[in-house]
Amino acid sequence: MQTISITRPDDWHLHLRDGAGLAAVAGFSARRFARVLAMPNLQPPVTTVALAAAYRARIRAALPPGADFTPLLALYLTETTAADEIDRAAASDFVVGVKCYPAGATTHAEAGVTSLERCRAVLERMEECDLVLQLHGEATDPAVDPYDRESVFIERELVPLRRRYPRLRVVLEHVTTRAGVDFVRDGGPGLAATLTPQHLLLNRGALFAGGLRPHLYCLPLLKRERDREALVEAATGGDPRFFLGTDSAPHARTAKESACGCAGVFSAHAGIELYAEVFARAGRLERLDAFASAHGADFYRVPRNRGSITLVREPWTVPAHYPFGTDQLVPFGAGTTLEWRLLDPETGP
Ligand code: NCD
Ligand code: ZN
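Remember, it's a predicted structure, so these values are computed and weren't measured experimentally. All chains use their own residue numbering, which begins from 1 and follows the written sequence. Note on labels: chains are lettered from A, ligands numbered from 1, in written order. Local features are withheld for residues below a pLDDT of 70 in this predicted model, meaning they are given only at 70 or higher, and side-chain atom pairs are given and counted only at 80 or more; totals for whole chains, interfaces and linings count all residues. Excluded from the side-chain calculation are hydrogens and water; included are all heavy atoms of the structure.

Asks: Would you explain the site of ligand 1 in this entry?
Replies: Whether a residue is near a molecule or strand depends on its heavy atoms: if one lies within 4 Å, it is near. Every one of the 15 residues lining ligand 1 counts as a neighbour, but Arg 17, Asn 41, Thr 106, Asp 247 and His 251 are closest to it. At 3.1 Å from an oxygen atom of ligand 1 is found a side-chain nitrogen or oxygen belonging to Thr 107. Pairs of N or O atoms within 3.5 Å make up the polar contacts considered here, provided that, within protein, one atom can donate a hydrogen while the other can accept it, and that residues adjacent in sequence are counted only when both atoms are side-chain atoms. At 2.7 Å from a nitrogen atom of ligand 1 is found a side-chain nitrogen or oxygen belonging to Asp 247. A per-class count over the shell around ligand 1 returns four nonpolar, nine polar and two charged. All amino acids are sorted into three groups, where Ala, Val, Leu, Ile, Met, Phe, Trp, Tyr, Cys and Pro are nonpolar, Asp, Glu, Lys and Arg are charged, and the leftover types, Gly among them, are polar.

Set out below in structure tokens:
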């Protein structure tokens, strides 16, 4: 039987939610990942270190007993974020960045920023303190076609940002296009990107295959096949600028299967297995370890994890749904077969 062991990985972009949602999903990530970067788009958003500390305590309380799992946090950037908050974040040992949502770009992004120009003091302080900026890189101008939002964001916001704050370290989250990948690859030091399983495995055709597929609707949208191919090359090519961030974003089934369904794909149930699928198909399974367990830790300047996890080539069927509070959660790949299964250390051979 084919198996692969890798260093315990980190998920550098994860939505854990709160309350009953948090309780329903936290265990999936804790079983696979040593550390995660928990996104701050709660309601109300996690805008201060004090709110981040309280959220971290709630995450810890939701974990299975004995879980060896470290939640790291990003603060939610607003136009009223104070530069002092950046000092507090840099002094903490669990806030590792500040997440910028362009206002209205995605789920719970209403409190985000209309222009990075309005955050000068904060960005200067971040550059001084070496706190990482995580970008949801999509233009929100309604005149911009939804499929061009990433490239227009790069042109209008990211290029000027890199020029103005050359030492600010930036992660272009969930990069989805060939243009985005090229920009990151040529972007010089201090620029990196995370890649999601859905953008690596599917193109936009999947969203409309046989009918409208609300569970594949996420932001940024799935893109063209030539974009997906560029993402796979970025993930599996060994470039340390690219690393794992699932963007697993659970929403209740009723909120997805709706006349106005919300954006987000839940993938934490197979948060490492799906990437194994990508790397195996590309014939580069030996590079999964670096992508999942080394590049992100190195970029964030935290030690690589100790210990390992093992994946085995043993097909399994993804359940149709999981419990999610009083509702249900439909996972990525529901009802389909995945080739790679995570071996539980307790029940392994
Ligand atoms: C995310 C969510 O639901 O919080 N949704 C998504 O489609 N990815 C927000 C985000 O990261 O865009
Ligand atoms: Zn996200």
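Asks: Before we go on, may I ask you to explain the nonpolar core in this structure?
Replies: In summary, soluble globular proteins display a tendency toward joint burial of nonpolar side chains. To form a nonpolar core, buried Ala, Val, Leu, Ile, Met, Phe, Trp, Tyr and Cys residues must be joined to one another through side-chain atoms within 4.5 Å. The classification of residues rests on relative accessible area computed with a 1.4 Å probe and restricted to protein chains. Under 20% of the type maximum is buried, over 50% is exposed, and intermediate values are partly exposed. Core analysis: the largest hydrophobic core is formed by 97 residues, its most contacted members being Leu 16, Leu 161 and Ile 272. By size, the runner-up hydrophobic cluster in this structure holds 15 residues, among which are Ala 74, Tyr 76, Val 132 and Tyr 300.

Asks: Sorry if this is basic, but what is going on with the sheet that holds strand β10 (residues 308-317) here?
Replies: Consider a sheet: its strands pair through backbone hydrogen bonds, and that pairing is either parallel or antiparallel. Here three strands make up an open sheet; going across it, the order is β1-β10-β13 and the pairing antiparallel. Single-partner strands in this sheet number two, and they are β1 (3-7) and β13 (337-343). Within this sheet the neighbouring strands show an average axis-to-axis angle of 35 degrees, counted without direction. One requirement defines pairing of two strands: DSSP has to find at least two bridges between them. Where helices and strands are cited, they refer to DSSP runs of H or I of at least four residues and of E of at least two residues respectively, numbered from the N terminus. When β1 meets β10, the two strands line up antiparallel, connected through five bridges. Looking at β10, one finds that Ile 6 is bridged to Ile 309. Working convention: axes come from line fits to C-alpha atoms, limited for helices to the stretch in contact. Angles between N-to-C directions cover 0 to 180 degrees.

Asks: Please explain the layout of surface pockets as it appears in this structure.
Replies: One water molecule sets the probe size; rolling that probe over the atoms shows where empty space is left. Site definitions follow a grid-based scheme: protein atoms alone, a 1 Å grid, a 1.4 Å probe that fits but cannot get out for cavities, and for pockets an open set with protein on both sides within 12 Å along at least five of seven lines, plus lining residues having an atom within 4 Å of a point. Grid points are joined across faces, edges and corners, and a volume is the space filled by probe spheres set on the points. Roughly 230 Å³ of internal volume is contained in the second largest pocket. Contributing to the lining of the second largest pocket are Ala 206, Ala 209, Arg 213, Pro 214, His 215, Leu 216, Val 330, Pro 331, Phe 332, Gly 333, Ala 334 and Thr 336. For the lining of the second largest pocket, the class distribution of residues is eight nonpolar, three polar and one charged.

Asks: How should I be thinking about the side chain of His 251 in this particular structure?
Replies: Here His 251 is to be found in the loop between β9 (242-244) and α9 (253-256). For His 251, a relative accessible area of 11% gives the class buried. Of note is the side chain of His 251, whose polar atom sits 2.7 Å from the backbone oxygen of Ala 263.

Asks: Just checking my understanding: could you explain the sheet that holds strand β3 (residues 35-38) for this structure?
Replies: A sheet is described by the order of its strands in space; here eight strands give the open sequence β2-β3-β4-β5-β6-β7-β8-β9, paired in parallel fashion. Unpaired on one side and paired on the other, β2 (10-14) and β9 mark the two borders of the sheet. Across the sheet, the mean angle from the axis of one strand to that of its neighbour is 30 degrees, orientation sign disregarded. Sheet topology note: the strand β8 (residues 191-195)/β9 ladder contains three bridges and is parallel.

Asks: Is there a simple way to explain the pattern of salt bridges in this structure?
Replies: One side chain can pair with another of opposite charge once the charged atoms of both are near each other. Each salt bridge in this description consists of a side-chain nitrogen of Lys or Arg and a carboxyl oxygen of Asp or Glu lying within 4 Å of one another. The tally for this structure, following the rule as stated, stands at 24 salt bridges. A salt bridge links Arg 185 to Asp 239, with the nearest nitrogen and oxygen atoms 4.0 Å apart. Highlighted residues: Arg 185 in helix α6 (residues 178-185) and Asp 239 in the loop between α8 (225-236) and β9, separated in sequence by 54 residues. Residue classification places Arg 185 among the partly exposed positions, given a relative accessible area of 31%. The partner of Arg 281 in a salt bridge is Glu 277, and the shortest N-O contact between them spans 3.7 Å. Placement of the pair is Arg 281 and Glu 277 together in helix α10 (residues 273-281), with a separation of four residues, close to one helical turn. Each of the salt bridges in this network shares a partner with another, and the network as a whole consists of Asp 182, Arg 185, Asp 239 and Arg 241.

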